[in-house]
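# Descriptive structure summary
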Amino acid sequence: MVDNPMRSCSLSKQSGDTVTYEPTTSASGAAFRQQLVEAHAIYAVEASSASQRKEIDEFFAEIGAVAQTSKLSTGRLVSYAVQTVFAELLDEIAGALYATYEHVLYVHPADEVAVDVISDICRATHSKMLPVPQCGICGKRVLFPPTMVVVNGRGSRPIIRHYCPSCTADKCRPKIKDFVRALLDADARNLKGSRQAKLVRRKSRRDMAFTIACTSRNLME
Ligand SMILES: [Zn+2]
């Protein structure tokens, strides 16, 4: 490989984040608690052909059944981020890739530094880096944002906003309605009309994904 930008190696720092959210729903008064102890890593594999790219995609599609996955790049460098509560799974995935491919990079945890490493190798190998979600409040890139708010306005396309673990924890409120309001009020994007928003859907009781409806027609301003 030219300049050998990738070698089979592992960059390791501490692995795992702990995030605790403790809002309380107002309607029932029942508390829900979500405690995540997730480990995450990024795997970058040099693919020498289209069929190898397909093979790598299929491998991570299988991993997707037992862990969260997010594709980061495609082309000569195919990379994925994986998040799981089973930390040992991360080493097992790396082991399987090392056994199959010549050039594999295993970076954990999957933080902003790791994303920069992948981005640099993508440039060096003319691979395509895929967009990484950014926190709507602090702007930090976050591969697996714990919170998502979809804002539906009249006649405009839905706006999807993601929030990182620390901003999510910081804006936590006893009532879901106040929590979503606090996120949107702090959002760097001025979402006019979101103050009149109504929560219309929550993906699931344990999920931090909310859809709200706004009466405003000018959400993009
Ligand atoms: Zn943030």
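Check the entry above for the structure.
The following refers to the structure shown. Note that the coordinates shown come from a computational prediction; the quantities given were computed from them, not determined experimentally.

## Focus on the overall build of the protein chain
A count of helices and strands for the protein chain gives five helices and 11 strands. Taken over 221 residues, the protein chain has a buried fraction of 33%. Across the protein chain, every contact between residues at least 6 apart in sequence was considered, and the portion connecting residues at least 24 apart equals 65%.

## Quick notes on the nonpolar core
One finds A41, I42, Y43, A44, V45 and I118 to be the most contacted residues of the largest nonpolar core, which totals 46 residues. It is strand β3 (residues 34-46) that contributes the most residues to this core, six residues altogether. Residues from two domains meet in this core; each of domain 1 (9-129) and domain 2 (147-213) gives at least three.

## Considering the pairing of strand β9 (residues 159-163)
Burial runs high along β9: four of the five residues are buried. Here strand β8 (residues 147-152) runs beside β9; their pairing, made up of five bridges, is antiparallel. Each bridged residue has a counterpart across the sheet, and for V151 the counterpart in β9 is I159. The hairpin turn running from β8 into β9, its antiparallel successor, is six residues long, and G155 in that turn takes a positive phi close to 70°.

## Topic: unusual backbone geometry
The residue after H108, namely P109, is reached through a cis peptide bond having omega 5°. Topologically, P109 is positioned in the loop between β6 (104-108) and α3 (112-125). With a phi angle near 55°, H126 is a residue other than glycine that sits in the positive phi range. In this fold, H126 is placed in the loop between α3 and β7 (128-129).

## Let's talk about α3
With 14 residues, α3 should reach 20 Å at 1.5 Å per residue; the first-to-last C-alpha distance of 20 Å fits that figure. Where α3 ends, the next residue or the one after it, H126, has phi of about 55°, a positive value.

## With respect to the environment of L72
Relative to the elements of secondary structure, L72 occurs in strand β4 (residues 68-74). Take L72: there are 26 C-beta atoms within 10 Å of it, and that puts it in the buried class. Separated by 29 residues in the primary sequence, L72 and Y43 have C-alpha atoms spaced 9.3 Å apart. Not counting chain neighbours up to four residues away, the residues in contact with L72 comprise I42, S79, Y80, A81, I118, M129 and L130.

## Some thoughts on the pairing of β4
When β4 meets strand β5 (residues 77-84), the two strands line up antiparallel, connected through five bridges. Across the sheet, S70 pairs through a bridge with A81, a residue of β5. Here β4 folds back onto β5 in antiparallel fashion, the turn holding two residues, of which G75 has a positive phi close to 115°. Both β4 and β7 contribute to a ladder of two bridges, which runs antiparallel. Note that in β7 the partner of S73 across the bridge is M129.

Here is what the cut-offs are and how they apply
Residues numbered from 1 in each chain as written. Predicted model: local features only at pLDDT ≥ 70, side-chain atom pairs only at ≥ 80, totals over all residues. Helix = DSSP H or I, 4+ residues; strand = E, 2+ residues; numbered from the N terminus. Buried ≥ 20, exposed ≤ 12 C-beta atoms within 10 Å, placed from the backbone. Contact = placed C-beta atoms within 7 Å. Core = buried A, V, L, I, M, F, W, Y, C linked by C-beta atoms within 7 Å. Domains from an automatic or database assignment. Pairing = 2+ DSSP bridges. Expected span 1.5 Å × (residues − 1).

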